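# Examination of the molecular architecture
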Amino acid sequence: MNGKTWIPLVIAGVLALVAGKVGMDLIGRKKGPAVAQVQTVKTVVTSKDIPQGSALRATDLALIQAPNGGPAGTFATIAELDGRVVTVALVKGQTVLENLLAPEGTPQGIMALVPPGMRAITIEVNEFSGVAGWLQPQARVDIVATIKAKENDHTAARVVAENLKILAVNKRFSAQQEVDPNAPGIRSVTLLATPHEVEVIELTAHMGNPRLVLRGPHDTEIGSTGIVTVSEMRGESGIDAQATAPASAPTTNTSAQTPSPRMQTIQVEIIKGGGRPTTQYITVPSTPVSPVTGSGGKIADRTND
C-alpha cells in the first residue's frame, strides 16, 4: 500500500475519534449532574378497600418501599397492625396511619366510632321522619320537634339539635357496606351526640315524633331559626306578650312593703273636770298600752283641772 492510499485512511480515523469525543462531551453536558439516590423505608399500605369500623387482617395489608421522611404515624411491619380497628374508610393503596385507627384493644363495630366524651343514641324513624329513606352513614342531620301546649295556639315547632352525625342506619354503619335488598326500610338511625343532646333527644322522642332534617355535605352552620307557633302562622303573636317581654323591675308598693297595723276597738271612760265619767268606744292600733292611759283604760282630761 502506497502513501497515497493509507494517509487518507489515517486522517479519516483521527477525525472519527475527534468527532466521537466531541459527541460524548455534548451528551454528558445535556445529562447534567448525577441525581442523588432517594432513601426509602418499608411502609404498610392497604391491599384493598377497608370499610369503616373494620378490624385489619394481614391479608388486608401490604409492604412497599416509600420515600423516607413521609407522614408521621406510619408502620413498618404488618404484624403490629393485626386486629387494629379503622375509624374511617380506607381505600386500596392508602398508607395506614396511627390517627386513622381506634386505640389498641377497641373491638370492631360501631363502638369504635364513638370518641371520648360523645354518646351514640338510636331513635325510631319511618319513611316520613327519616327523609324518605335517603339517610346514609356519615350524613349530617338536624332534629325538629313539635312541642304541644295546653292551649293549641301556643303549640310550637323548633329545632332541638343540630349538625348531628349519623353513625348507623339500621345496622349498617358504613356507606361501603352492601345493602341487603330483602331488608326492610329504614326503621332506626343511630346518632353521635353529646350527653346533653342525648337528653334532649330522649325527651323529644318521649313527647312526640321527632323528624330528621338532612343537611348538605358542606353545611356546618349552627344556629336554629327559633320557635314557630300556631298563632304565628295565623299572623298573630306567637307567644303571649307577657311571656316574651323582658322581665321588668317590680313596682314599688308601699302598702305591701309596710303592712298596715292591726286595729282593735276598746272601751274607755272620759272624765271631764271631776264630773261623772262617760263611756265611749274608740278604734286604735293594736299596740302596747300607753303609760298615759293606765291599765284600766281611763283617759284623764285635765284641761279643766
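So, a few notes on the structure that sits alongside this text. (Residues numbered from 1 in each chain as written. Predicted model: local features only at pLDDT ≥ 70, side-chain atom pairs only at ≥ 80, totals over all residues. Heavy atoms only, no water.)

### Points about the overall build of the protein
In terms of helices and strands, the protein carries five helices and 11 strands. Among the 305 residues that make up the protein, the fraction classed as buried is 23%. Put simply, 62% of the contacts in the protein that link residues at least 6 apart link residues at least 24 apart. Of the roughly 21600 Å² that the protein leaves accessible, carbon and sulfur atoms contribute 57%. (Helix = DSSP H or I, 4+ residues; strand = E, 2+ residues; numbered from the N terminus. Buried < 20%, exposed > 50% of the residue type's maximum accessible area, 1.4 Å probe, protein only. Contact = heavy atoms within 4.5 Å. Areas by Shrake-Rupley, 256 points an atom, 1.4 Å probe, with all protein chains shown as cover.)

### Some words on a nonpolar patch on the surface
There is a patch of nonpolar side chains on the surface, built from Val14, Val18, Val22 and Leu26 and spanning about 330 Å² of accessible area. With respect to the helices and strands, the residue Val14 is situated in helix H1 (residues 3-31). (Patch = residues over 30% accessible without salt bridge, like charges linked within 9 Å, V, L, I, M, F, W, Y side chains within 5 Å. Salt bridge = Lys/Arg side-chain N within 4 Å of Asp/Glu carboxyl O.)

### Focus: the side chain of Thr46
Turning to its location among the elements, Thr46 is positioned in strand S1 (residues 40-46). Only 2.5 Å separates the side chain of Thr46 from the backbone oxygen of Val91, close enough to count as a polar contact. Thr46 has contacts with Asp60, Leu61, Leu90, Val91, Lys92, Gly93, Gln94 and Val96, leaving out every residue within four places of it along the chain. (Polar contact = N/O pair within 3.5 Å; in protein donor to acceptor, adjacent residues only side chain to side chain.)

### A short note on unusual backbone geometry
A positive phi angle, close to 60 degrees, is found at Ala132, a residue other than glycine. Topologically, Ala132 is positioned in the loop between strand S3 (119-124) and strand S4 (140-147). Overall, the relative accessible area of 45% leaves Ala132 in the partly exposed class. Within the chain, Gln138 stands out as a residue other than glycine whose phi angle is a positive 80 degrees. On the secondary structure map, Gln138 appears in the loop between S3 and S4. Assessed through its relative accessible area of 32%, Gln138 is described here as partly exposed.

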